[in-house]
Amino acid sequence: MEIIRFEHVTKTYPLYHHFFSGLKNFIFNIPSAMKQLRSSGFTALKDLSFTIQEGESVAFIGRNGAGKSTLLGLIAGVLKPTSGTIRVSKRVSPLLELGGGFHPELSGLENIQLNGVLMGLSRKQVAAKIDEIVAFSELGEFIHEPIRSYSSGMNARLGFSVIAHLEPELLLIDEVLAVGDASFQKKCFAKIKEFKARGVSVVLVSHNSSDIEMVCNRVIWIENHKILMDGPTAEVLPHYIKAMT
Ligand SMILES: Nc1ncnc2c1ncn2[C@@H]1O[C@H](COP(=O)(O)OP(=O)(O)OP(=O)(O)O)[C@@H](O)[C@H]1O
Ligand SMILES: [Mg+2]
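The following paragraphs examine the structure supplied in this document.

1. Here's the deal with the environment of Val-134
- Considering the arrangement of structural elements, one finds Val-134 in helix α6 (residues 123-137).
- Taking C-alpha positions, Val-134 is 9.8 Å from Arg-157, a pair spaced 23 residues apart along the chain.

2. Structural notes on the sheet that holds strand β2 (residues 41-53)
- With antiparallel pairing, the three strands of this open sheet are ordered in space as β2-β1-β4. Looking along the sheet, the strands with just one partner apiece sit at the ends: β2 and β4 (83-88). Sheet twist, expressed as the mean angle between neighbouring strand axes with direction ignored, is 20 degrees.
- Two elements, strand β1 (residues 2-14) and β4, share five bridges in a ladder whose sense is antiparallel. Note that in β4 the partner of Thr-10 across the bridge is Ser-83.
- This element, helix α4 (residues 68-76), spans β1, β2 and β4 of the sheet and lies at about 120 degrees to β1.

3. Considering the packing of α6 against helix α7 (residues 152-164)
- With their axes 9 Å apart at the nearest point, α6 and α7 run at an angle of 140 degrees to one another. In terms of their interaxial angle, α6 and α7 are classed as oblique. The handedness of the crossing between α6 and α7 is right-handed. Residues Ile-133, Phe-136 and Ser-137 of α6 lie in contact with α7, whose contacting residues are Arg-157, Leu-158, Ser-161, Val-162 and Ala-164.
- Residues belonging to the contact of α6 with α7 are distributed by class as follows: five nonpolar, two polar and one charged.

4. Observations concerning the pairing of strand β3 (residues 58-61)
- A two-sided burial pattern is seen for β3, the buried positions comprising Val-58 and Phe-60 on one face and Ala-59 and Ile-61 on the other.
- Across three bridges, β3 lies against strand β7 (residues 201-205) in parallel orientation. The residue of β7 that forms the bridge with Phe-60 is Val-205.
- Across four bridges, β3 lies against strand β8 (residues 218-223) in parallel orientation. Within β8, the residue paired with Val-58 across the bridge is Arg-218.

5. Thoughts on unusual backbone geometry
- Positive phi, close to 50 degrees, is recorded for Asp-47, a residue that is not glycine.
- Secondary-structure assignment places Asp-47 in strand β2.
- One non-glycine residue, Glu-138, lies in the positive phi region at around 55 degrees.
- Relative to the helices and strands, Glu-138 resides in the loop between α6 and α7.
- We classify Glu-138 as partly exposed; it has 14 C-beta atoms within 10 Å.

6. A few points about the packing of helix α5 (residues 108-118) against α6
- Where α5 meets α6, the closest approach of the two axes is 10 Å, and the angle between their N-to-C directions is 135 degrees. Here α5 is positioned oblique relative to α6, judged by the angle of their axes. By crossing handedness, the relation of α5 to α6 is classed as right-handed. Facing α5, whose interface residues are Ile-112, Gln-113, Gly-116 and Val-117, α6 presents Arg-123, Val-126, Ile-130 and Ile-133.
- Across the contact of α5 with α6, the residue classes break down as five nonpolar, two polar and one charged.

Definitions and cut-offs
In every chain, residue numbers begin from 1 and rise along the written sequence. A letter from A marks each chain and a number from 1 marks each ligand, given out in the order of writing. Restriction of local features to residues with pLDDT of at least 70 applies here, the model being predicted, together with a cutoff of 80 or more for giving and counting side-chain atom pairs; totals for whole chains, interfaces and linings are based on all residues. Each helix is a run of H or I in the DSSP string that is no shorter than four residues. Each strand is a run of E no shorter than two, and both are numbered from the N terminus. Being paired, for any two strands, means DSSP has found at least two bridges between them. Interaxial angles span 0 to 180 degrees and are taken between N-to-C directions of axes, which are lines fitted to C-alpha atoms, for helices over the stretch in contact. We call two residues in contact when the distance between their C-beta atoms, placed using the backbone, is within 7 Å. These descriptions rest on fixed angle ranges, namely under 35 degrees for roughly parallel, over 145 for roughly antiparallel, 65 to 115 for roughly perpendicular, and the rest for oblique. By definition, turning the near helix anticlockwise from the far helix through less than a right angle yields a left-handed crossing, and turning it clockwise yields a right-handed one. Side-chain classes are defined by residue name, with Ala, Val, Leu, Ile, Met, Phe, Trp, Tyr, Cys and Pro counting as nonpolar, Asp, Glu, Lys and Arg as charged, and the others, Gly among them, as polar. Residues with at least 20 other C-beta atoms within 10 Å of their own are called buried, those with 12 or fewer are called exposed, and the rest are partly exposed. The C-beta atoms themselves are positioned from the backbone.

Here it is as structure tokens:
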């Protein structure tokens, strides 16, 4: 069964946004960015079509600014395509990305409660899971501190712990695994394996090839706002690594 379908999807960001929020990517891609500037908007993804089937786990790879996070945002529904159609027929986890989804002034515990409710759980259901989530995060007393005092690894711990206990049907992970320490990464991968055994699909963005090899059986390489290569991990990844070095 097909769980994700992109048909001729184009995503263009308005220019004023581009200047203020995409500076890092702008600098990384000056030639193409300058060309785009002369036209009216910045095209992050151009006429993308692909499908993902149930049981597949897919990694999106590509250089900085290629459009990977944009793609995950489109799948999660937090971004809307400029043109084309997107169909996602599974309950998607909240997009797990660095610094995403949490309120900086609230404590870890309050953020868990907030996220659970936003995910459609009742307060009772959240209360039933909260001890498990806190234990998984191993944040100890920090769970009562505001998120703004967390390190990026601690943030990732909280994010992954919440998502791991919400029973998603499709897991979207953007670069979060890389900031966890070795022991937490091990726990994350065990959890991901468990999810996959239950038929949950994983869509991952990562610059770490061993993470990709461990989690994904298919890799889609994005370059110049388009799909450059799409196939089994063992075929696509070596080409990509070669092109990057
Ligand atoms: N909110 C935004 N407003 C304007 N432009 C944006 C916005 N978000 C992303 N872009 C632009 O879209 C392009 C794709 O960005 P995206 O964040 O999807 O790249 P990425 O592949 O995730 O990169 P990285 O590997 O650095 O995370 C970039 O050129 C970026 O400048
Ligand atoms: Mg990104």
